[in-house]
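The lines below spell out each chain.
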Amino acid sequence: MEINSAATMPAIAIKALHKRYGTVHALKGVSFDVQRGEFVALIGANGAGKTSLLSILMGLMPQSEGTVQILGGKPGDMPVRQASGVMLQSTSLPDALKVSELVELFRSYYPAPRPLPELLNLTGLNELEGRRYKALSGGQQRRVQFALALAGDPQLLFLDEPTVGLDMDVRREFWQILDSLKSRGVTIVLTSHYLDEIEALADRLVIIKEGEIIANDATANIKRRVEHKNIICQSKLTTVELEKMDGVISVAQIGRLKTIATNTENTVLKSLLAQDPALTDLLVESSSLEDAIKSMIGPDTADTANIQEPTQ
Amino acid sequence: MTNTAQTEAQYDGKSLYWLECKSELLKALRTPQFSAPTIAFPVVFYLIFGVILVGDEGAGRSLYLLATFGMFGAIGPALFGFGVNVANERSNGWLDLKKISPMPIAAYIVAKLFMAAVFGIVVISLLTTIAVVFGGLEISLARWLLMTTTQLLCAVPFGLLGMAIGFRASPEAAPAIVNILFMLMSVFGGLWLPITMFPSVIQQFAWILPTFHSGQLAIASIGMTSIANILTHAALLVGFSAIMALLAARNYRTMSK
């Protein structure tokens, strides 16, 4: 299926996109491109506009203003649907159908589907094909949903919180599959609250806050925006005392551990040890992607425990 | 270009419609909460009203009630299959996933109609067997086919009504709405007891119920006399269907989770 002859054309081009629900202005002029073969992560707090943006890209609802081009067409156009695959955040598939029946059904929707054994193999569903969906674990159900997303051998994948509730092993397996899809040239748009996932996979981050894009840059560049070190320790010194030290940017306390952000870790460590020789559990870390994103969208928003996205 | 043409030639969509229908039927058969009541209710009611309570009135009464209870049995899976199942699939994301996929929405509707028709045929066949075995009914195959076809066609407007509900109501509210509508419309539309047994006020009221017109057409299909002529009932049913189709289409366009 050749639906975009100009290979240089971006896979997704979004220009001045607005979405209003009554008086709520959910998207306020969002513009960005996703290149072919690129892996882009959308990041934002709950209610930042991620769900609205994805719903528009998937053709589930119209925008209020602006233009969206996907693979040279409009969201919801048949050729676009035939070339895309999606994993929605919260979906229940029909309980009573077997894994193979569900995958076969979705295969029948596409002009050039991936063969069934290949799909089952890729998503680790080989042994489960005769099992009813109801009888699967949460992680296995998520794999079936992934198999449906891949059924049409898509050029473009939308993954909305694909690994919520999965354990680490399964998530890592999932990352490997995504990596192999990326090397086949599949364009991937992902939302996730797991920043380790994003750091491991995404070429580029698009960060949305209150309906506007506040950052759109390579993952490494965004990480570099916050280039401090974190000194983590247990100390008798109070937060206020620590904040007064030279070179300290900020201090955060989580449980008994204090995290001191600084650009001059040597100086801070010296005064720290001088003032509290008995400090324990000392650890010095480079700032993480999480720090960078927290500094941009606020501390509560990168909270991995809070994975609920409001439904419309 | 030749490549595209070839791909499209192989992709005729036949297997899509067939698999969609098959999946819908398997889902319904494997869901006892759906299959048991849609089959058991008409069978039990027909046994009581059409066979046990008929007594001396005999085969004529059994045949009349075969038409109306068969109609009742054909409406059930159409109304529940659309009303309740669509509401569930809309709210749990399955419909969204299908809308995003290349599945044509027509396949979704055809599959549900197919499922309702298969269930309708099963119920009508069971009722006919009961009537023949216990009620001493004699009916020709041609007559039976005419009756069954009429009942299945006259159940389509209820699929549209179900769709209008399913695209709008919450999955919690949908079963209650559908149950209440189904029971009230069946009783007061004369599907359980002949409409002529009701006081005249209710007989007048029945005219606004689609069940009344469906029931009367089913009665006509077995060669008995309907209240008004066939075309009047059919025209009113078509009008009802058109309104429901518009409502369903509107609710589909504006639907939310």
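Heads up: the structure comes first, above all this text.
Definitions and cut-offs
Residues numbered from 1 in each chain as written. Chains lettered and ligands numbered in written order. Predicted model: local features only at pLDDT ≥ 70, side-chain atom pairs only at ≥ 80, totals over all residues. Heavy atoms only, no water. Axes fitted to C-alpha atoms, helices over the stretch in contact; angles between N-to-C directions. Helix = DSSP H or I, 4+ residues; strand = E, 2+ residues; numbered from the N terminus. Parallel < 35°, antiparallel > 145°, perpendicular 65-115°, else oblique. Left-handed = near helix turned anticlockwise from the far one by under 90°. Contact = heavy atoms within 4.5 Å. Nonpolar A, V, L, I, M, F, W, Y, C, P; charged D, E, K, R; others polar. Buried area = accessible area lost by both parts, 1.4 Å probe. Salt bridge = Lys/Arg side-chain N within 4 Å of Asp/Glu carboxyl O. Polar contact = N/O pair within 3.5 Å; in protein donor to acceptor, adjacent residues only side chain to side chain. Expected span 1.5 Å × (residues − 1).

1. Considering the packing of helix α4 (residues 59–91) of chain B against helix α8 (residues 173–188) of chain B
Residue and element names in this part refer to chain B.
Step number 1: Taken N-terminus to C-terminus, the directions of α4 and α8 make an angle of 160°; their axes are 9 Å apart at the nearest point. Between α4 and α8, the angle is such that the two are roughly antiparallel. Our pair here, α4 against α8, has a crossing hand that is right-handed. Of the residues in α8, those in contact with Phe72, Ile75, Gly76, Leu79, Phe80, Gly83, Val84 and Ala87 of α4 are Ala174, Pro175, Val178, Asn179, Phe182 and Ser186.
Step number 2: Here the contact of α4 with α8 is built from residues that sort into 10 nonpolar, four polar and no charged.

2. Details of the interface of chain B and chain A
Step number 1: Listed as interface residues are 25 residues of chain B and, on the opposing side, 29 residues of chain A.
Step number 2: Counting the surface lost from both chain B and chain A, the interface buries some 2700 Å², and carbon and sulfur atoms represent 66% of this.
Step number 3: Taken together, the connections running from chain B to chain A amount to one salt bridge.
Step number 4: The tally of links from chain B across to chain A stands at eight residue pairs in polar contact (both at pLDDT 80 or more).
Step number 5: For the side of chain B that touches chain A, the elements supplying multiple residues, two or more each, are α1 (2–10), α2 (14–29) and α5 (94–100) of chain B.

3. Notes on helix α6 (residues 105–135) of chain B
Step number 1: With 31 residues, α6(B) extends 44 Å between its outermost C-alpha atoms, agreeing within 8% with the 45 Å of an ideal straight helix rising 1.5 Å per residue.
Step number 2: Phi turns positive, to about 65°, at B:Gly136, one or two residues after α6(B).

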